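# Breakdown of the fold
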Amino acid sequence: MGRSFQKVPHLYSGPLYAGLTVGILGGSFNPAHAGHRHISLFALKALGLDRVWWMVSPQNPLKPTAGMASLAERLAEARAVAAHPRIEVTAIETALGTRFTADTLAKLQRRFPKTRFVWLMGADNLRQISRWKLWTRIFDSVAVAVFARPTYSLNALSGKAAQRFTRRRVSVSGVKGLARRRRPAWAFLRNPLHPASATAIRQARAAGS
Ligand SMILES: Nc1ncnc2c1ncn2[C@@H]1O[C@H](COP(=O)(O)OP(=O)(O)OP(=O)(O)O)[C@@H](O)[C@H]1O
Ligand SMILES: O=C(O)c1ccc[n+]([C@@H]2O[C@H](COP(=O)([O-])O)[C@@H](O)[C@H]2O)c1
């Protein structure tokens, strides 16, 4: 069994996910926290997902490398925080050799042709997604669900991505069927707000050490 198989079992598990709807929460998870778990549990129910993958990114192309814990540390902590049979932690981008979300999704769709993927992200990322590589392709290829997040929601809804795809926004009542909609299709979820942030945790840890 190769090393990458042990680290990244998802890559070779296509048949296991055939017919399933999987929400992908991509993130730095530096570190994972209760906010990630909170939105994932909300998404499982509200969107009728079979699984949520926490896709721990080797390195967010827009974030500094300084202060980024190793991938192994971030994965281990994410697994401890997730602690739920339907939340799976993966480093699949390492095995795919991708760093940009548009590339990752394209490769995943080729490898998992019978799986329906939904991209999950917080309102802060809706605000900045228009700076990502080939960002409109992300909306064209998978349904997108955006979580409300303290202080970011209003700003995000007036941002470039929300404006560009305003006609493709699915109302709260249609959220359950979001994954099956013709793309582009996206929704802003009315989840209860959760204040956790990795930045705040890193600051608290630094102050305590
Ligand atoms: N409390 C939260 N409410 C809603 N979405 C969240 C929350 N925390 C994180 N997310 C979302 O989860 C995904 C992964 O987040 P990430 O790992 O970057 O954590 P973070 O707390 O945003 O980190 P940092 O403070 O370092 O930027 C992102 O799409 C982010 O918007
Ligand atoms: O593709 C891009 O250009 C791009 C730019 C910034 C962030 N992302 C992805 O967005 C996800 C959330 O990142 P983060 O650091 O906000 O948790 C994660 O999967 C990143 O790889 C992707």
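Just so it is clear, the structure is predicted and the values come from calculations on it, not from any experiment.

Conventions and cut-offs
- Residues numbered from 1 in each chain as written.
- Chains lettered and ligands numbered in written order.
- Predicted model: local features only at pLDDT ≥ 70, side-chain atom pairs only at ≥ 80, totals over all residues.
- Near = placed C-beta within 6 Å.
- Helix = DSSP H or I, 4+ residues; strand = E, 2+ residues; numbered from the N terminus.
- Nonpolar A, V, L, I, M, F, W, Y, C, P; charged D, E, K, R; others polar.
- Pairing = 2+ DSSP bridges.
- Axes fitted to C-alpha atoms, helices over the stretch in contact; angles between N-to-C directions.
- Contact = placed C-beta atoms within 7 Å.
- Right-handed = clockwise from strand over helix to strand, strands pointing away.
- UniProt positions renumbered as here; feature names shortened; annotations may be inferred.
- pLDDT = per-residue confidence, 0-100.
- Buried ≥ 20, exposed ≤ 12 C-beta atoms within 10 Å, placed from the backbone.
- Expected span 1.5 Å × (residues − 1).
- Arc of directions from axis to C-beta.

### Considerations on the site of ligand 2
Of all residues adjacent to ligand 2, which total 15 residues, the nearest are Gly26, Gly27, Ser28, Phe100 and Trp132. Only strand 1 (21–27) and helix 5 (101–111) provide two or more residues apiece to the shell around ligand 2. Of the residues belonging to the shell around ligand 2, the class tally is six nonpolar, seven polar and two charged.

### What to know about the sheet that holds strand 2 (residues 51–56)
With respect to topology, six strands assemble into an open sheet ordered 3-2-1-4-5-6, the strand pairing being parallel. Each edge of the open sheet carries a strand with a single partner, namely strand 3 (87–90) and strand 6 (186–189). Neighbouring strand axes in the sheet, compared pairwise and without regard to direction, differ in orientation by 25 degrees on average. The pairing of strand 1 with strand 2 spans six bridges and is parallel. In the strand pairing of strand 2, glycine 26 is matched with methionine 55. Packed on one face of the sheet, helix 3 (residues 71–82) meets strand 2 and strand 3 and runs near 155 degrees to strand 2.

### Let's talk about the pairing of strand 3
As paired strands, strand 2 and strand 3 are joined by four bridges and run parallel to one another. Looking at the pairing, tryptophan 54 lines up with valine 89 of strand 3. Where the polypeptide runs from strand 2 across helix 3 and back to strand 3, its parallel neighbour, the crossover connection is right-handed.

### Looking at the UniProt feature "domain: Cytidyltransferase-like" (unreviewed entry) in the protein
As recorded in UniProt, the feature "domain: Cytidyltransferase-like" (unreviewed entry) lies at residues 24–203. Measuring from the first to the last C-alpha atom of residues 24–203 gives 27 Å, for a span that is 39% helix and 17% strand.

### With respect to the confidence of the model for the protein
If pLDDT is low for a region, its predicted coordinates should not be looked at in detail. Counting all residues, the mean pLDDT for the protein is 93, and 96% of those residues have values of 70 or more. Taken together, the stretch residues 1–7 has pLDDT below 50 and engages in four contacts with residues farther than four places along the chain or on a different chain. With a pTM of 0.96, the predicted complex shows an ipTM of 0.99.

### Some thoughts on the pairing of strand 5 (residues 143–147)
The element strand 5 is extensively covered by neighbouring structure, given that five of its five residues are classed as buried. Sheet analysis places strand 4 (residues 116–122) next to strand 5, joined by five bridges and oriented parallel. Among the inter-strand pairings, leucine 120 is bridged to a residue of strand 5, identified as alanine 145. Relative to strand 6, strand 5 is paired through four bridges, and the arrangement is parallel. Of the residues in strand 6, the one forming a bridge with valine 146 is phenylalanine 188.

### Concerning helix 3
Helix length check: helix 3, at 12 residues, gives a terminal C-alpha distance of 16 Å against a target of 16 Å (1.5 Å per residue), a fit within 8%. Inspection of helix 3 places Arg74, Leu75 and Ala78 among the buried residues, and these make up the whole buried set. Projected down its long axis, helix 3 carries its buried residues within an arc of 100 degrees, all on one side. Set apart from the buried face of helix 3 by more than 90 degrees, the exposed residues are Ala72 and Ala80. Elements in contact with the buried residues of helix 3: strand 2 and strand 3.

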